[in-house]
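Architecture and fold: a report
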Amino acid sequence: VTPFDLYRDTRIFLDGEVNGRRTPMLLDSGASVTVLDRAFARELGLTGGRPVAVQGAGGNEKGEIFRGLSLKAAGLKLDDLTVAVMDLGLVGKALGRPVPVVLGRDAFMRSIISIDFDRETIAFAPRAGFV
């Protein structure tokens with residue numbers, strides 16, 4: 001069980017790591033993939049991804065796809081992760097805080113998530129064996 005920040009009573013931010021680099025993450029069940037902000041991806045040394053058109057908050061944008069990343073957050077461990085990279089500046093501006101990572105559907109498809117809003121804690125458990 002790990003604490004999270006219920007930002008403005010509507011958004012869950014938790015601490016995690018991408019490729020060993022600590023960073024805040026916005027948990028978003030509506031994001032079809034995990035997304036890294038372009039500036040954060042460059043800090044990780046990611047270059048040369050596969051170009052794609054990405055549907056973002058401001059419409060279609062240029063993005064890139066990268067494979068083989070690792071992500072950890074609140075007991076969740078995702079290896080060989082495929083992520084989209086795009087400019088999340090508008091998202092951060094709309095929320096009033098930077099968003100280096102949007103933890104999307106990958107977390108929901110690969111784990112069982114328990115969220116306690118009263119205590120502001122979150123836990124990820126393996127899907128295997130869940131009934």
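Our subject is the structure that appears above.
As the structure is a computational prediction, the values presented were derived from the model and not from experiment. Throughout this description, residue numbers start from 1 for each chain and increase along the sequence as written. Predicted model: local features are reported for residues with pLDDT of at least 70 only, side-chain atom pairs are reported and counted for 80 or more only, and whole-chain, interface and lining totals are derived from all residues. Excluding hydrogens and water, the side-chain values take into account all heavy atoms of the structure.

Among the secondary structure elements, Ala-123 is positioned in strand β11 (residues 121-126). In this scheme, a residue with accessible area under 20% of its type's maximum is buried, one over 50% is exposed, and one in between is partly exposed, where area comes from a 1.4 Å probe on protein chains only. On the basis of relative accessibility, which here comes to 19%, the residue Ala-123 falls in the buried class. Excluding anything up to four places from it in sequence, Ala-123 contacts Val-1, Ala-74, Ile-112, Ile-113 and Ser-114. Here a strand is any run of E in DSSP of at least two residues, a helix any run of H or I of at least four, and the numbering for each starts at the N terminus. Contacts are residue-level and defined by heavy atoms, with any inter-residue pair within 4.5 Å sufficient.

On a regular strand, one side chain projects to one face of the sheet and the next to the other, so that they alternate. Sheet analysis places strand β2 (residues 5-7) next to strand β3 (residues 11-18), joined by three bridges and oriented antiparallel. Looking across to β3, one finds that Leu-6 is bridged to Ile-12. Linking β2 to β3, which pair antiparallel, is a turn of three residues; within it Arg-8 sits at a positive phi near 55°. Whether two strands pair depends on DSSP finding at least two bridges between them. Bridge count between β3 and strand β4 (residues 21-27): seven bridges; the pairing is antiparallel. Along β4, the bridge assignment pairs Phe-13 with Leu-26. Hairpin connection from β3 to β4: two residues lie between these consecutive antiparallel strands, with Asn-19 at a positive phi of about 50°. Alignment of β3 against strand β7 (residues 59-73), held across three bridges, turns out to be antiparallel. Bridging across to β7, Val-18 finds its partner in Leu-71.

Note on aromatic contacts: the rings of Phe and Tyr and the six-membered ring of Trp form a pair at centre separations within 6.5 Å, being stacked when their planes are under 30 degrees apart, edge-to-face when over 60 apart, and tilted otherwise. Taken as a whole and assessed by the stated rule, the structure comprises two aromatic pairs. Summarising the aromatic geometry, the rings of Phe-4 and Phe-117 are spaced 6.1 Å apart at their centres and angled 80° between planes, so their arrangement reads as edge-to-face. Placement of the pair is Phe-4 in the loop between β1 (2-3) and β2 and Phe-117 in the loop between β10 (111-116) and β11, with a sequence separation of 113 residues. With relative accessibility at 6%, the residue Phe-4 sits in the buried group. When the ring of Tyr-7 is compared with that of Phe-13, the centres are 5.8 Å apart and the planes differ by 85°; the resulting orientation is edge-to-face. Comparing Tyr-7 with Phe-13, the two get one shared label, buried.

With that settled, the discussion passes to the nonpolar core. Ranked by size, the top nonpolar core spans 26 residues in total, and within it Leu-14, Val-18, Leu-36, Leu-71, Leu-103 and Phe-124 carry the most contacts. Counting residues per element, the ones that place at least two in this core are β3, β4, α1 (38-43), β7, β8 (76-86), β9 (101-103) and β11. If you tally residues by element for this core, the top one is β8, at five residues. Sequence-distant contacts of Leu-71, that is, excluding residues within four places in its chain, are made with Glu-17, Val-18, Met-25, Thr-34, Leu-76, Lys-77, Leu-78, Leu-81 and Leu-103. One finds Phe-13, Leu-26, Ala-31 and Leu-88 within the second-largest nonpolar core, a separate group that totals 13 residues. The term nonpolar core refers to a set of buried residues drawn from Ala, Val, Leu, Ile, Met, Phe, Trp, Tyr and Cys, joined through side-chain atoms within 4.5 Å.

None of the figures reported here should be taken as evidence of function without further support.
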